[in-house]
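# Notes for the structure review
Residue-level listing of the chains:
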Amino acid sequence: TGYDKSELLGKTLRILQGPDTDREMLADLKHTIAQGKPYTGRTINYKKNGEPYYVEWQISAVTNDFGEITHYLSIQRDITHDVEQRNNLRYQAAIIDSASEGFISVDYDLNVLTWNKGAAQMLGVEPEDAIGLNLHEVIDDYELKISSLVGQVVKSGEASETGIGLIDIRNE
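Everything numeric here is computed off the predicted structure, so don't read it as measured data. Within each chain, residue numbers correspond to sequence positions counted from 1 in written order. With pLDDT at 70 or above as the cut-off, local features in this predicted model cover only qualifying residues; side-chain atom pairs require 80 or more to be listed or tallied, and sums for whole chains, interfaces and linings still use all residues. Only hydrogens and water are set aside when side-chain values are computed; all heavy atoms of the structure are taken into account.

### A few points about the overall build of the protein chain
This is how it is decided: Going along the chain from the N terminus, every DSSP run of H or I of four or more residues is numbered as a helix, and every run of E of two or more is numbered as a strand. Remark: exposure states derive from per-residue accessible area (1.4 Å probe, protein chains only) relative to the maximum for the residue type, with buried under 20%, exposed over 50%, and partly exposed in between. Only heavy atoms enter the contact rule, under which two residues are in contact if any of them lie within 4.5 Å. Residue burial considers only the protein chains on display, and all accessible areas are found by Shrake-Rupley using a 1.4 Å probe.
For the protein chain, the helix and strand inventory stands at 7 helices and 5 strands. The order of α-helices and β-strands along the protein chain, N terminus first, is α-α-β-β-β-α-β-β-α-α-α-α. With 172 residues in all, the protein chain has 26% of them scored as buried. Contacts in the protein chain between residues at least 24 apart in sequence constitute 28% of all its contacts with a sequence separation of at least 6. Total accessible area computed for the protein chain in this model is approximately 12,200 Å², and 53% of it derives from carbon and sulfur atoms.

Below, the structure written as structure tokens:
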């Protein structure tokens, strides 16, 4: 956060809040922990220099021997990278989905992971009817030959002269 330990000791977490901090989430947090229940939530907090960051909070009440709440333990994790990565994936998915070219992604067993509108138009099968099924179950005999070629390329990891473009996303 950019704060020194001495600047935070004795302060509340309000020091990290700012204009885009989710006020509804804060109200829910206060209500939940006041009942002694643990709370997990996400919002935007701010570094000392004013830069926003996404944070995930896990807060639990600490009680004494009589069950009375004496303190709260808060563990916060900066999830900015995760949120930005998820937003980038959504953006890329929107581009792929809106493309007029057919785009289908499958796993190594040819189970359909994505199926865009272009593929639906080309093959006459809507995404909700294809995703989760094996490619062999989704397309007819004519296209089955193409899926066999795709399967060979996916399993071998090598390109062929089929005119089928593949992106290898394996982490090797």
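### What to know about unusual backbone geometry
The phi dihedral of Leu110 falls on the positive side, at around 70°, and the residue is not glycine. Checked against the element boundaries, Leu110 lands in the loop between β4 (104–106) and β5 (112–115). Residue Leu110 is classed as buried on the basis of its relative accessible area, which comes to 5%.

### Details of the pairing of strand β3 (residues 69–78)
Taken residue by residue, a regular strand's side chains alternate between the two faces of the sheet. We apply this condition: Here the rule is simple: two strands pair whenever DSSP picks up at least two bridges between them.
Bridging between strand β2 (residues 52–63) and β3 involves 9 bridges; their strand directions are antiparallel. If you follow Thr63 over to β3, its bridge partner there is Ile69. With antiparallel pairing between neighbouring strands as the criterion, β2 and β3 make up a hairpin whose turn holds 5 residues, including Gly67 at a positive phi of roughly 80°.

### Observations regarding the confidence of the model for the protein chain
Just so we agree on the cut-off: For every residue, the predictor reports its confidence as pLDDT, a number between 0 and 100.
Across the protein chain, the average pLDDT comes to 81, with 81% of residues at 70 or higher. Note that residues 159–172 has pLDDT below 50 and, in this model, 13 contacts with residues that lie over four places away or in other chains.

### Details of the sheet that holds strand β1 (residues 39–46)
Our working rule: Throughout, an axis means a line fitted to C-alpha atoms (over the contacting stretch in the case of helices), and angles, computed between N-to-C directions, take values from 0 to 180 degrees.
On the basis of which strands lie adjacent, the open sheet formed by 3 strands has the order β1-β2-β3 and antiparallel pairing. The outermost strands of the open sheet, each flanked by one partner alone, are β1 and β3. Within this sheet the neighbouring strands show an average axis-to-axis angle of 35°, counted without direction. Relative to the sheet, helix α2 (residues 23–34) contacts β1, β2 and β3, its axis offset from that of β1 by approximately 140°. Contacting β1, β2 and β3, helix α3 (residues 80–98) runs over the sheet at an angle of about 130° to β2.

### Describing the pairing of β5
One ladder, built from 3 bridges, connects β4 with β5; its direction is antiparallel. Looking at the pairing, Ser105 lines up with Thr114 of β5. Hairpin connection between β4 and β5: a loop of 5 residues separates the two successive antiparallel strands, and Leu110 in this loop has a positive phi of roughly 70°.

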